[in-house]
Amino acid sequence: YSGKVWTSTTWALLSHMRKISKQERFSEFNLPFLCIQGGSDKILNHLRILTEQHSKSKDKEVVIVPDLWHALWFDDHHDEVVEMVRTWILDRVEK
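Calculation rules
Residues numbered from 1 in each chain as written. Predicted model: local features only at pLDDT ≥ 70, side-chain atom pairs only at ≥ 80, totals over all residues. Heavy atoms only, no water. Salt bridge = Lys/Arg side-chain N within 4 Å of Asp/Glu carboxyl O. Helix = DSSP H or I, 4+ residues; strand = E, 2+ residues; numbered from the N terminus. Buried < 20%, exposed > 50% of the residue type's maximum accessible area, 1.4 Å probe, protein only.

**Q** Hey, could you run me through the pattern of salt bridges in this one?
**A** Pairs can form between side chains of opposite charge whenever their charged atoms are close. What the rule picks out here adds up to three salt bridges. A salt bridge links R92 to D59, with the nearest nitrogen and oxygen atoms 2.8 Å apart. Taken together, the positions of R92 in helix α4 (residues 78-93) and D59 in the loop between α3 (47-54) and β2 (60-65) put the pair 33 residues apart, joining distant regions of the chain. D59 gets classed as partly exposed once you look at its relative accessible area, which sits at 22%. Its salt-bridge partner being E61, residue R92 comes within 3.9 Å of it at the nearest N-O pair. Taken together, the positions of R92 in helix α4 and E61 in strand β2 put the pair 31 residues apart, joining distant regions of the chain. Accessibility expressed as a relative area gives 24% for R92, which makes it partly exposed. Owing to a relative accessible area of 34%, E61 belongs among the partly exposed residues under this scheme. Residues joined in a network through salt bridges with shared partners are D59, E61 and R92.

Shown next, in the form of structure tokens:
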């Protein structure tokens, strides 16, 4: 995908991410998810712990990308991150 993201799509994603990011609600989250985090990220260094320990999801994948920081979408390795997400989604759609 190379087009723009709709504002409503971005709003929906951010809204739901805020809801599930609260630790007390995270234990209720049981849908498949992919968490990609920069290995040098100092802002969200606790996110992978929450995803691995508190989520009931049977299909959860945490990927730590060394040498990347917080803003993965704006990093020089943006294409790699997009490809990880694309592959993850397609693997689940094709099942």
